[in-house]
Every structure is written in structure tokens, then in C-alpha cells.
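Understanding the architecture of this molecule
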Amino acid sequence: MVIRVKDPFATLLGLQHAMESVMGSDWFGGRTSGPGAFPLLNVFNDGDDFVVVAELPGVKKEDLEIEVRGDTVRIHGKKTIAQPESASVHRRERAAGEFDRTVTLPDDVDAAKVAAEYRDGVLTLRLPRAESAKPRTVTIN
Amino acid sequence: MVSQEVTPRAKRELAQAEERTEAGKFFSPYTDIHETDRAVVVSMEVPGVDKNAIDIQLEKGVLTVKGTIDSAKYEPLRPIYSEYNVGNFVRTFAVSTKIDGGGISATVADGVLTVELPKAKEALTRRIAVG
């Protein structure tokens, strides 16, 4: 049976905000190289893989570009909102524009094996750890 | 064409008016509404919601849109860094224009739901030429 934490995200966010206030002093240096930019990211561990998830509603697949090098991932592109002509606007909350974000992962990843999936406005990147970054078991002679 | 940058915004979590029987968070999706001569068009950002998990209702002039996300894909993953929360979407609008209920259509593309509410005949704009 799997025991589920009531809300792992809220717990994690709370912890992170507490951490960030400490990090604010720049004592440790930020983990992301482009902090505070769009899109917001969630990073997961799945075995030896990193999984980076971002919500990009309204961004077309062809307007999205992903670059991976060493331990950094760059997500950039543009979001456009088609405005119909001769319409009166009642409410405008959605924002459009360009975005560019780079994050540094804790380890090098194998750029050739990175898999990207974009579905329902959610980008999921699966980044396998590079062979050189994997722990090695040493046998004792 | 576009030169400005998109700034990240925290998702707006819904202040609960009533208690819910299901677990999970609910967010209020960012929405654009515009009106043309023939219809009221509502576009909502509902990332992660499958088109089969969207429920649209128009009852007594109140439009309710609910989108449920599938959190199963997050279950085997261990979070190490988190900037946003994941949850369902729900939003309600009072529609002041008379709507032709039978003609409502909805599409989902890249996490954006577009609901087109065609105006009822009596609410259509009539252009009157000055004789």
C-alpha cells in the first residue's frame, strides 16, 4: 500500500520558501542560473533520471525550443495569443510574450538521451543522468 | 511582433466557498473573454487537463468550467525542486447575454480551452440603417 502525503507540493513549496529566505543572502548561491523567470518549473527525480516539468499553456510546440548542455537546460520560445478582429474585450488576464529560462541541474545529463514531451500545455523533459555522473559500485578484491 | 517577456505568475488558488468532497487543490484559470457580433468567447489556461476531463455547464446564466488533472504521472516521481503547485481548475462566470444553449462549442489546444457561446437570436446585434 502506498501511503500518500496529503499534499507533497504544498509541503515542498513551504520548505522551499523557507529555504529561499536563507538563500536570499546569496550565501549558498542559487541552484538555478536564471531564477524568477518564466516558465515556472518543477524538478523531480525518477531513478537515475531528472524530470523537469513546466506549464506553458498557449505555447505552440513549434514555438518551443529546448537546449541541453552538460548540466544546464535552456527552455525558450514565445507565447502568442490570437486576438480576433472586431471583438470587444471583456476580460484579459492571459499574458503573451517571449520567454527564456536556463536551469542548472545538480548533475550532468546525457544530452543525446533527453526526451521531451509536450501535451495539453505541459512540457515534460526526461533527462537521464550522464554515465560519468552515476554512482559506481566498487568491488573489493 | 511580440517583444515583451512573459513574467511568471503564481497560480491563483481558489478560496473555497463550499467544502469539497474530493481531495486536491483547485485553481482559478487565467481567462480572456471577448465578445463578437455573434458570440461570447471564453479562453482559459488549463495546462495538464485532457480534453475528456473538462466539464462545461451553462445553467441559469451561470457558466461553470471544471478541468481535472491526472496526477498519476507524478506519483512515481520524487520532487526535488518545486516552483508551482499542480491541481484542478474551476471557474464560474455569470453570463449576462442571452446564449443559445444548443450551439455552445468548445475546443482545447495546448492547454488552452476555448468556449464559444453563441448569442441567442434575440440578443444578436442588429444594425439599423438610418433611412
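Only a predicted model underlies this, so the values are computations on that prediction, with no experimental measurement involved. (Residues numbered from 1 in each chain as written. Chains lettered and ligands numbered in written order. Predicted model: local features only at pLDDT ≥ 70, side-chain atom pairs only at ≥ 80, totals over all residues.)

**Describing the overall build of chain A**
- Along its length, chain A carries one helix and eight strands.
- The 141 residues of chain A split such that 22% are buried. (Helix = DSSP H or I, 4+ residues; strand = E, 2+ residues; numbered from the N terminus. Buried ≥ 20, exposed ≤ 12 C-beta atoms within 10 Å, placed from the backbone.)

**Quick look at the overall build of chain B**
- The helix and strand inventory of chain B stands at zero helices and 10 strands.
- Starting at the N terminus and ending at the C terminus, chain B contains elements arranged as β-β-β-β-β-β-β-β-β-β.
- A globule of 131 residues ought to have a C-alpha radius of gyration of about 14 Å, yet chain B, at 18 Å, is considerably larger.
- Considering only C-alpha atoms, chain B reaches an extent of 70 × 45 × 25 Å along its principal axes.
- Expressed as a percentage of its 131 residues, the buried residues of chain B come to 28%.
- Sequence separation of at least 24 residues holds for 53% of the intrachain contacts in chain B that already meet a minimum separation of 6. (Rg over C-alpha atoms; globule rule 2.2 N^0.38 Å. Contact = placed C-beta atoms within 7 Å.)

**Brief notes about the sheet that holds strand E3 (residues 64-69) of chain A**
All names here are of chain A.
- Reading across the sheet, the three strands line up as E3-E4-E6 and stay open at both edges, with antiparallel pairing between neighbours. With partners counted over all chains shown, the strands left at the sheet margins are E3 and strand E6 (97-104), one partner each. Across the sheet, the mean angle separating the axes of adjacent strands is 10 degrees when strand polarity is ignored.
- Pairing analysis gives eight bridges linking strand E4 (residues 72-79) to E6, with the strands arranged antiparallel. When the sheet's bridge partners are listed, Lys79 is paired in E6 with Gly97. (Pairing = 2+ DSSP bridges. Axes fitted to C-alpha atoms, helices over the stretch in contact; angles between N-to-C directions.)

**Some thoughts on the interface of chain B and chain A**
- Listed by partner, the interface residues are 34 residues for chain B and 45 residues for chain A.
- When contributions to the side of chain B that touches chain A are tallied by element, the ones reaching two or more residues are strand E3 (31-35), strand E4 (39-45), strand E5 (49-59) and strand E7 (78-82) of chain B.
- For the side of chain B that touches chain A, the class distribution of residues is 16 nonpolar, 10 polar and eight charged.
- Note that strand E1 (residues 41-46) of chain A and E7 of chain B share four bridges and pair antiparallel. Bridging from a neighbouring strand, Asn42 of chain A pairs with Ser82 of chain B of E7 of chain B. (Nonpolar A, V, L, I, M, F, W, Y, C, P; charged D, E, K, R; others polar.)

**Description of the sheet that holds strand E8 (residues 122-128) of chain A**
- If you walk across this open sheet you meet the five strands as E7(A)-E8(A)-E2(A)-E1(A)-E7(B), and the pairing is antiparallel. In this open sheet, the two strands that pair with only one neighbour each are strand E7 (115-119) of chain A together with E7 of chain B. Neighbouring strand axes in the sheet, compared pairwise and without regard to direction, differ in orientation by 20 degrees on average.
- Relative to E8 of chain A, E7 of chain A runs antiparallel, the two being bridged by five bridges. By the bridge assignment, Tyr118 of chain A is partnered in E8 of chain A with Leu123 of chain A.

**Brief notes about the pairing of E1 of chain A**
- Across six bridges, the pairing between E1 of chain A and strand E2 (residues 49-55) of chain A is antiparallel. Bridge pairing in E2 of chain A links Asp46 of chain A to Asp49 of chain A.

**Re unusual backbone geometry**
- Phi angles above zero are rare outside glycine, and Asp120 of chain A is one such case at about 50 degrees.
- Inspection of the secondary structure puts Asp120 of chain A in the loop between E7 and E8.
- Even without being a glycine, Asp110 of chain B presents a positive backbone phi close to 50 degrees.
- Tracing the sequence through the fold places Asp110 of chain B in the loop between strand E9 (105-109) and strand E10 (112-118).
- The class for Asp110 of chain B is buried, based on 20 C-beta atoms found within 10 Å.

**Let's talk about the pairing of strand E8 (residues 88-94) of chain B**
- With two bridges joining them, strand E2 (residues 26-28) of chain B and E8 of chain B adopt parallel strand pairing. Paired with Phe27 of chain B across the bridge in E8 of chain B is Phe89 of chain B.

**Here's the deal with the confidence of the model for chain A**
Residue and element names in this part refer to chain A.
- Summing up the model confidence of chain A, the mean pLDDT is 82 and the portion of residues at 70 or higher is 81%.
- At the level of individual helices and strands, chain A shows its lowest average pLDDT in helix H1 (residues 8-23), which scores 70, and its highest in E8, which scores 95.
- Contacts for the low-pLDDT stretch residues 25-32, under 50 throughout, to residues beyond four places or in other chains number seven contacts. (pLDDT = per-residue confidence, 0-100.)

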